[in-house]
Each structure stands twice: as C-alpha cells, then as structure tokens.
Amino acid sequence: MAPGSRLRGLLIGAVIVGGLCVLLVAAAIALAVNLRHPAPAPAASPTSAQPLKTSGGAEVVKERRLGGRRMELTLRSPALDGVTTVRLLLPEGWSKDSGRSWPTLWLLHGGLDGYQAWSKSDIEELTEDAQVIVVMPDGGKCGSYSDWYNGGDGGPPRWATYHLKELLPLLESRYAASGERAVAGYSMGGQGAMLYAATGNFRAAASFSGAVHTLMPGVDLAVMLGTTAGCFGTDWKRIWGDPHDDRGIWRAHDPYHLAGRLRGVRLYVAAGDGRKREGELFGDITEELADRAARSFTGRLKELGIPVETHFYSGRHNMTYWNGELRRALPMLLDAIGAG
C-alpha cells in the first residue's frame, strides 16, 4: 500500500475508533510520522515479556454474585495503584471450599473496551457444560497488557504485573483455580494473549484480529494513533516509549519478536481481510492491518517450526466475527487445559 493511502486509511480508522475530529487525528498522524525513523534494534529491555517479579497481592474489596454462573470481584491493586474489576463465569458445582480446583480460560478485551466486553459474546452458552472458570479481567482502555514504561521510570499502571502476579495467584489461592490455563483475546487483547502466553503461564493462546506485530509499518502508527485518539489526554509514549529511541522496549512487547517463546503452546490466530465491499467508499483499515500483522506473525512461527492453527477470512473488526472465532478456537483451548 502506498504511504499516502496507508495514512489516509489510518486517519479514517482512527476517526471511527476514537470518535474525535479530523483535525486532531491528522495532527496525531503527522506527529507519529515524524517520530518514526528506521533504526537498528537494540538488545531487548529488562522489561520484556518474561516471568515478572513477584509483587504484593491484590485485595478483594467486594465480591458479588450477579445471578447464574456470574461473579464479579472488585480488587484494589498495588500494581495499578487503584481499584479494578474482574468478571468470572463459574462452572457447575463450583465452590471455594469444594476441595478441588478448575482450569481457567482468560478472555482479554480489546482497546477502548472493558471487562464486560466478552459478555456480549456467546461465552456463557459455549461454556455451560465445561468444567472451566472463565476469567474476564479489565485491561485498561489503552493498557496494552503491559507494564507501562513511563519514560523509563516504570510505575503504574502495571497491567501485566496485575494480571500475572496479583490476579492469577489470587484466583488460585482463594477461588479454586488450578494451574491449567488458556488465554484468548481480540484486537489489543489478541496481542495480550500472545504476550502472556510467551511468559510460560498458559498452555494455549488464541488471537482474534490481534495486534501481533506492533512494529510492522502501519501497525505501529495505528497503535500510537489509537492511544492518542481513543484515550484522549494520554501520551502514547508512556506505554512503550518511542519506537525509534526505545525500540528495544517495543520489541519486548511485540509478539512477532517473542515468537520463539511460544514453542510448546497450542496456538490459534485469525483475522479478517477488511476489504471494501460493494457500495462502500473505504474498507476496514483496522482489520486490514490486523490481517497483515497476523500473517506476518504466523509466518514467523512457521519459520521457527512452531505449529499454529490459522483462519484468514473475509470480515471486519467487530464482535460478530470474534464471536465466531471464539466458537472455532474454544474446543482447542479447552482441550489444552483438560476442560474439553
């Protein structure tokens, strides 16, 4: 795609996602273009997606049953320096005091969404008879499932630390979760699923339209622009720094560059083509970029001899398609953790 058409497509995608005026988005694009320069990649930063150091535990502020299998926990998280919420779907017969434990399926939401997003899918119906705890945590509107760089100072929000070193052990110590885990997500959550799988904490991972190659030209701009437009007032450089000056940090949070750590994990990657349909002026540039990232990422996996199940289809960047992909991927995810 020519640079001009790519930038025009990114502009349109950002307006749709962020709902901001054209002038603001155009300014953000210009800023992103000026900041992106080719540079050799330095060695991976110590903040790479590796098993994280143990932090203090999260405190349960509120526990409530919503009816049926649904439970919500409100937690005070040291890693986030604030309060957050996670929704659980509990299996038939679940009890904290049952003397047994259940495998977990983590579902990660995309950018600009929250922990309730997956409840719009068929997940409750699909897991009705499954012996699994479904974990749907908040990941921040622009959290990127990462501990934010914050100019090298670190500090909150530390989303990866919260999920992997606070929430995960809390569920296993107090809510009868076992050590058998799978993870899936859409869009930003697809990136998060692969980042978390690369830590060695999950047996299976699935990405639906995920940002699984964040340093790919076009995708990098979309990440910066999405933060600028969708999380107005948030400096996108807080997350991973600048892709030129802090390229090692970006690499350390790019699933493409962590592909070798996914050996032994059962993998599923899907994306739609986002193509323009008859009568439309533009296609879905967000899904087009997700498709390019997914094909590059799965190509890298195959170069490394790492098996991956793929599904590339004609579709858009929305829950209708992600719900379908969940149906396709779920049998593999459950089988990997003994909950099929």
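This one's a predicted model, so the numbers in the text were calculated from it and none came from an experiment.

Rules of the game
Residues numbered from 1 in each chain as written. Predicted model: local features only at pLDDT ≥ 70, side-chain atom pairs only at ≥ 80, totals over all residues. Heavy atoms only, no water. Phe/Tyr/Trp six-rings, centres within 6.5 Å; stacked < 30°, edge-to-face > 60°. Helix = DSSP H or I, 4+ residues; strand = E, 2+ residues; numbered from the N terminus. Buried < 20%, exposed > 50% of the residue type's maximum accessible area, 1.4 Å probe, protein only. Lys NZ or Arg CZ within 6 Å of the ring centre and 35° of its normal. pLDDT = per-residue confidence, 0-100. Contact = heavy atoms within 4.5 Å. Pairing = 2+ DSSP bridges. Core = buried A, V, L, I, M, F, W, Y, C linked by side-chain atoms within 4.5 Å. Salt bridge = Lys/Arg side-chain N within 4 Å of Asp/Glu carboxyl O. Axes fitted to C-alpha atoms, helices over the stretch in contact; angles between N-to-C directions. Right-handed = clockwise from strand over helix to strand, strands pointing away.

**Comments concerning the packing of aromatic side chains**
Okay, step 1: This model, assessed by the stated rule, comprises nine aromatic pairs.
Okay, step 2: On the basis of an interplanar angle of 15° and a centroid distance of 4.3 Å, the ring pair of Y186 and W322 is categorised as stacked. You can see Y186 sitting in strand β6 (residues 177-186) and its partner W322 sitting in helix α10 (residues 319-336), a full 136 residues away along the chain.
Okay, step 3: Using a relative accessible area of 6% as the deciding quantity, one classes W322 as buried.
Okay, step 4: Aromatic pair W240 and W250: ring centres 5.0 Å apart, planes at 75°, arrangement edge-to-face. With a gap of ten residues between them, W240 in helix α7 (residues 237-240) and W250 in helix α8 (residues 247-252) connect regions that are remote in the sequence.
Okay, step 5: Ring pairing ties together the aromatic residues W118, Y186, F208, Y268 and W322, which thus form one cluster.
Okay, step 6: Its guanidinium or amino end placed over the ring of W236, K237 lies 4.9 Å from that ring's centre, counting from NZ or CZ.

**Thoughts on the confidence of the model for the chain**
Okay, step 1: Scored by pLDDT, the chain comes out at a mean of 87, with 84% of its residues at no less than 70.
Okay, step 2: Contacts of residues 1-55 to residues separated by more than four positions or lying in other chains number 95 contacts, the stretch itself having pLDDT below 50.

**Focus: the pairing of strand β1 (residues 59-67)**
Okay, step 1: Pairing geometry for β1 and strand β2 (residues 70-77), over seven bridges, is antiparallel. In the sheet register, V60 faces β2, and the bridge partner there is L75.
Okay, step 2: The antiparallel pairing of β1 with β2 creates a hairpin that spans two residues between the two strands, and G68 there sits at a positive phi of about 65°.

**Let's talk about the nonpolar core**
Okay, step 1: Of all hydrophobic cores here, the largest spans 66 residues; its most connected members are L75, L171 and L267.
Okay, step 2: When residues no more than four places from it in sequence are discounted, the contact partners of L267 are M194, A205, L262, L301, I306, P307, V308, E309 and M332.
Okay, step 3: Core analysis: the second largest hydrophobic core is formed by 30 residues, L105, A184, W322 and L330 among them.

**A word on the pattern of salt bridges**
In a structure, side chains of opposite charge can pair up when their charged atoms sit close to one another.
Okay, step 1: This structure, assessed with the given rule, holds 15 salt bridges.
Okay, step 2: We note a salt bridge from K96 to E63, for which the minimum N-O separation is 2.8 Å. Residue K96 is located in the loop between β3 (82-89) and β4 (102-108), and its partner E63 is located in strand β1; the two are separated by 33 residues in the primary sequence.
Okay, step 3: Overall, K96 belongs to the partly exposed group, its relative accessible area being 36%.
Okay, step 4: Given the relative accessible area of 36%, E63 is considered partly exposed.
Okay, step 5: Put simply, D235 and K237 hold a salt bridge, and the shortest N to O gap is 3.3 Å.
Okay, step 6: Classification of D235 as partly exposed rests on a relative accessible area of 37%.
Okay, step 7: The structure contains a network of salt bridges with shared partners spanning R64, E72 and R87.

**Details of the sheet that holds β1**
Okay, step 1: The strand order β1-β2-β3-β5-β4-β6-β7-β8-β9 describes an open sheet built from nine strands, whose pairing is mixed. Edge positions in the open sheet fall to β1 and β9 (309-313), since each of these has one partner strand only. Each strand of the sheet is rotated relative to its neighbour by a mean of 20°, with strand direction disregarded.
Okay, step 2: Sheet analysis places β6 next to strand β7 (residues 204-208), joined by five bridges and oriented parallel. The residue bridging A182 from the neighbouring strand is A204, located in β7.
Okay, step 3: Contacts from helix α9 (residues 285-303) reach β8 (266-272) and β9, with the element oriented near 150° to β8.

**Structural notes on the pairing of β9**
Okay, step 1: In this structure, β8 lies alongside β9, joined through five bridges in parallel fashion. Of the residues in β9, the one forming a bridge with G272 is Y313.
Okay, step 2: Chirality of the crossover, the property in question, places the unit of β8, α9 and β9 among those that are right-handed.

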